[in-house]
Amino acid sequence: MLVVVAAVGVGGWFLYDGSRTRADSRARITEACQGLVDPDRVMRLARSADEVDAGERGDHLCVLRRAGTFEGRKDMQEYFSLTLTGSHGAVTGEGRFDYAGGRSVAVTAKCAEPVEGTGVTSFRATATSEFERTDFADPGELAALAREAALRAAAKAGCTTDLPEVPKDLTAAGR
């Protein structure tokens with residue numbers, strides 16, 4: 001009986017610890033990416049990793065790393081990056097999706113009017129899978145994350161935009 005109670009206690013601790021790690025990862029994603037993407041959606045891109053943290057940003061808004069194990073050692077590997085730029089130049093046409101091959105999708109959200117005080121006329125968000133293998137990147141999911149980031153950035157800046165839903169065929173989008 002004592003063994004059963006101990007097993008339940010240890011199992012409960014592992015469940016609690018795993019839940020806390022995922023909650024901490026969600027908070028790190030929200031902070032690193034400035035609330036522009038849904039952390040649960042980004043966690044799904046990590047392929048079963050419970051632990052995510054922020055890597056070196058460089059020119060990106062955020063770079064995320066996931067926990068992986070290699071030869072019995074825990075290693076943090078980059079798996080997702082998000083870049084966001086605001087443009088003051090005129091953007092022709094409507095919002096657009098640009099599929100840049102197997103690992104990257106860019107979304108441009110055009111403002112109905114220039115943002116008051118800054119003159120920004122559009123926001124461009126690029127979601128990239130940092131995995132070397134292109135089959136690890138789901139273009140539809142990357143496009144959804146880029147779209148979400150562009151819309152949230154536009155809303156924060158006071159830019160009214162009418163960005164369409166993610167197209168079914170990204171390879172034909174924006175071309």
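To start, this report covers the structure provided alongside it. Quantities reported herein were computed from a predicted structural model and do not represent experimental measurements.

### Considerations on the sheet that holds strand 5 (residues 104–110)
Line of reasoning, step 1. Ordered in space as 1-2-3-6-5-4, the six strands form an open sheet in which the pairing is antiparallel. Two strands lie at the open edges of the sheet, namely strand 1 (52–54) and strand 4 (96–99), each paired on one side alone. With direction set aside, neighbouring strand axes in the sheet form an average angle of 20°.
Line of reasoning, step 2. Here strand 3 (residues 73–87) runs beside strand 6 (residues 122–129); their pairing, made up of eight bridges, is antiparallel. For F80, the partnering residue across the bridge sits in strand 6 and is S129.
Line of reasoning, step 3. Its contacts with the sheet put helix 3 (residues 139–157) on strand 3, strand 4, strand 5 and strand 6, and the angle it makes with strand 6 is roughly 150°.

### Considerations on the side chain of T128
Line of reasoning, step 1. Within the secondary structure, T128 is located in strand 6.
Line of reasoning, step 2. Excluding anything up to four places from it in sequence, T128 contacts Y79, F80, S81, R103, S104 and L142.

### Observations concerning helix 3
Line of reasoning, step 1. In this model, helix 3 (19 residues) spans 27 Å end to end at C-alpha, consistent with the 27 Å of a helix rising 1.5 Å per residue.
Line of reasoning, step 2. Of all the positions in helix 3, only E141, L142, A143, A144, L145, A146, R147, E148, A149, A150, A153 and A154 are classed as buried.
Line of reasoning, step 3. Buried residues belonging to helix 3 abut helix 2 (39–45), strand 3, strand 4, strand 5 and strand 6.
Line of reasoning, step 4. A side-chain oxygen of the first residue of helix 3 lies 3.0 Å from the backbone nitrogen of G140; this N-cap is D138.
Line of reasoning, step 5. Positive backbone phi, approximately 90°, marks G158, located one or two places after helix 3.

### Remarks on the nonpolar core
Line of reasoning, step 1. In this structure, I29, V37, V42, L64, Y79, F80 and L82 are the most contacted members of the largest nonpolar core, which totals 40 residues.
Line of reasoning, step 2. Looking at this core, the elements with two or more residues in it are helix 1 (2–32), helix 2, strand 2 (62–70), strand 3, strand 4, strand 5, strand 6 and helix 3.
Line of reasoning, step 3. No other element matches helix 3, which puts eight residues into this core.
Line of reasoning, step 4. For L64, the contacting residues outside a window of four places in its chain are I29, A32, C33, V42, V52, D53, A54, G55, Q77, E78, Y79 and F80.

### Remarks on the pattern of salt bridges
Line of reasoning, step 1. Enumeration according to the criterion identifies eight salt bridges in this entry.
Line of reasoning, step 2. R124 serves as the salt-bridge partner of D98, at 3.1 Å between the closest nitrogen and oxygen. Separated by 26 residues along the polypeptide, D98 in strand 4 and R124 in strand 6 bring together distant segments of the chain.
Line of reasoning, step 3. Several salt bridges converge on common partners, so that one network encompasses R96, D98 and R124.

Parameters at a glance
Residues numbered from 1 in each chain as written. Predicted model: local features only at pLDDT ≥ 70, side-chain atom pairs only at ≥ 80, totals over all residues. Heavy atoms only, no water. Pairing = 2+ DSSP bridges. Helix = DSSP H or I, 4+ residues; strand = E, 2+ residues; numbered from the N terminus. Axes fitted to C-alpha atoms, helices over the stretch in contact; angles between N-to-C directions. Contact = heavy atoms within 4.5 Å. Expected span 1.5 Å × (residues − 1). Buried < 20%, exposed > 50% of the residue type's maximum accessible area, 1.4 Å probe, protein only. Polar contact = N/O pair within 3.5 Å; in protein donor to acceptor, adjacent residues only side chain to side chain. Core = buried A, V, L, I, M, F, W, Y, C linked by side-chain atoms within 4.5 Å. Salt bridge = Lys/Arg side-chain N within 4 Å of Asp/Glu carboxyl O.

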